[in-house]
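Each chain is listed here by its residues.
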Amino acid sequence: MTRLRATGVRARLGERIVLDGVDLDVAAGRVLALVGPNGSGKTTLLRACYRAVPVGAGAITVDDRDVTDIKRRSLARLVGVGVQEPVALGGTTVRESVRLGRTARRGWLEPFGDDDRAVVEDVLGRLGLLHLADRDVLALSGGERQRVSIARALAQQPRVLLLDEPTNHLDLRHQLAVLELLRSLASDGLAVLVTLHDLRLATEYCDRMAVLDHGSVVAEGTPEDVLRPALLAEVFGVRGRVGVDRDGRRTLDVRGPADA
Ligand SMILES: Nc1ncnc2c1ncn2[C@@H]1O[C@H](COP(=O)(O)OP(=O)(O)OP(=O)(O)O)[C@@H](O)[C@H]1O
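The following paragraphs examine the structure supplied in this document. Because the structure is a prediction, the values reported are computed rather than measured.

1. Some remarks on the state of the cysteines
Inspection of the entire model under this criterion finds zero disulfides. Between C206, a free cysteine, and C49, which holds the nearest cysteine sulfur, the sulfur-to-sulfur gap is 16 Å.

2. Overview of the sheet that holds strand β2 (residues 16–27)
In space, the four strands of this open sheet follow the order β2-β1-β4-β5, with antiparallel pairing throughout. The open sheet has two edge strands, β2 and β5 (65–66), and neither has a second partner. For strand β4 (residues 57–62) and β5, the ladder comprises two bridges, and the chain directions are antiparallel. Residue pairing for β5: V62 is matched across the bridge by R65. Where helix α1 (residues 42–49) meets the sheet, it contacts β1 (3–13), β2 and β4, and its direction lies at approximately 65 degrees from that of β2.

3. Some words on the pattern of salt bridges
Applying the stated criterion to the full structure yields 17 salt bridges. The residue E220 makes a salt bridge to R208 at a minimum N-O spacing of 3.4 Å. Residue E220 is found in strand β10 (residues 216–221), and its partner R208 is found in strand β9 (residues 208–213); the two are separated by 12 residues along the sequence. In this structure, D225 and R228 form a salt bridge, with 3.4 Å as the shortest nitrogen-oxygen distance. Owing to a relative accessible area of 46%, D225 belongs among the partly exposed residues under this scheme. Residues joined in a network through salt bridges with shared partners are R3, R5, D25 and D64.

4. Comments concerning the packing of aromatic side chains
With the rule as written, the count across this model stands at zero aromatic pairs. Here the basic side chain of R99 rests over the ring of F112, its NZ or CZ set 3.7 Å away from the ring centre.

5. Here we look at the environment of D253
Tracing the backbone through its elements, the reader meets D253 in strand β12 (residues 250–257). Owing to a relative accessible area of 30%, D253 belongs among the partly exposed residues under this scheme. With 154 residues separating them in the primary sequence, D253 and R99 have C-alpha atoms 42 Å apart. Look past the residues within four positions of D253 in its chain and what remains in contact with it is R239, G240 and R241. Side-chain polar atoms of D253 contact the side chain of R255, separated by 2.7 Å.

6. A word on unusual backbone geometry
Positive phi is not limited to glycine here, since R51 has a value of about 70 degrees. In this structure, R51 sits in the loop between α1 and β4. Taking relative accessible area as the criterion, R51 reaches 23% and is therefore assigned partly exposed. In this structure, Q157 is a non-glycine residue whose phi angle is positive, near 50 degrees.

7. Some remarks on the environment of L32
Among the structural elements, L32 can be located in strand β3 (residues 31–35). Placed 176 residues apart in sequence, L32 and R208 show a C-alpha to C-alpha distance of 5.2 Å. Among residues more than four places away in sequence, those in contact with L32 are L24, D25, V26, V192, L193, V194, R208, M209, A210 and E220.

Calculation rules
- Residues numbered from 1 in each chain as written.
- Predicted model: local features only at pLDDT ≥ 70, side-chain atom pairs only at ≥ 80, totals over all residues.
- Heavy atoms only, no water.
- Disulfide = S-S within 2.5 Å.
- Pairing = 2+ DSSP bridges.
- Helix = DSSP H or I, 4+ residues; strand = E, 2+ residues; numbered from the N terminus.
- Contact = heavy atoms within 4.5 Å.
- Axes fitted to C-alpha atoms, helices over the stretch in contact; angles between N-to-C directions.
- Salt bridge = Lys/Arg side-chain N within 4 Å of Asp/Glu carboxyl O.
- Buried < 20%, exposed > 50% of the residue type's maximum accessible area, 1.4 Å probe, protein only.
- Phe/Tyr/Trp six-rings, centres within 6.5 Å; stacked < 30°, edge-to-face > 60°.
- Lys NZ or Arg CZ within 6 Å of the ring centre and 35° of its normal.
- Polar contact = N/O pair within 3.5 Å; in protein donor to acceptor, adjacent residues only side chain to side chain.

Given below as structure tokens:
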């Protein structure tokens with residue numbers, strides 16, 4: 001079973017120690033929400049998982065193989081990444097942009113085949129992008145571009161999916177659609193690690209979360225176990241608690257700043 005693991009990961013950016021002994025474990029079938037205040041190291045940890053940031057100590061492994069020992073092309077078959085600000089080249093349509101995700105799957109001289117086409121059309125459909133497929137990516141809204149970035153990652157058919165703030169440009173309907181999609185991808189067997197700013201959304205939709213604070217994981221578990229009032233006050237600076245609404249859904253009730 002696929003497993004992404006970080007063990008004692010330390011990373012420096014310039015003079016700063018940004019990750020300071022991070023331990024994390026995401027198994028296939030799970031969505032793990034990585035939450036934490038601004039600047040706590042969430043994006044850096046995700047970047048370390050796909051080798052965009054060097055790890056100074058500790059290790060990040062996929063199926064017990066250190067990611068630094070995996071060739072880039074093989075890594076792209078294992079790990080798909082949707083980044084916060086997708087790079088979009090002018091003159092590329094949505095469909096072409098998503099097709100780029102297939103590069104990792106094909107041999108160097110192998111032509112784009114029916115299988116590739118089927119995967120691209122499938123992910124365009126799953127992300128609600130079919131009606132935009134022929135549009136230039138530069139002529140999209142921020143939220144639409146974000147969905148293209150997720151679609152391209154899925155076109156790689158990875159075993160691990162890393163998404164950095166996949167909901168931050170999305171309207172409410174698309175936020176919920178993306179989080180539902182992550183759940184269904186996990187039940188299809190993917191291991192999903194996703195950074196989320198919106199603690200309420202993370203509480204409602206994710207069965208597990210890890211809280212990063214000053215470069216270390218300070219809590220990991222179910223939202224009700226993790227988001228205790230003391231942690232909400234200390235780490236996020238708010239007064240709040242996790243409860244259950246009338247329909248039995250988990251909710252996060254935030255009452256205001258902790259020092260008010
Ligand atoms: N290139 C850099 N050089 C030095 N420090 C950096 C660099 N990039 C980021 N940092 C610092 O590293 C820390 C972690 O940044 P990171 O982007 O990983 O945090 P984050 O939790 O994703 O933040 P946010 O919630 O604001 O997106 C921050 O203090 C940031 O200022």
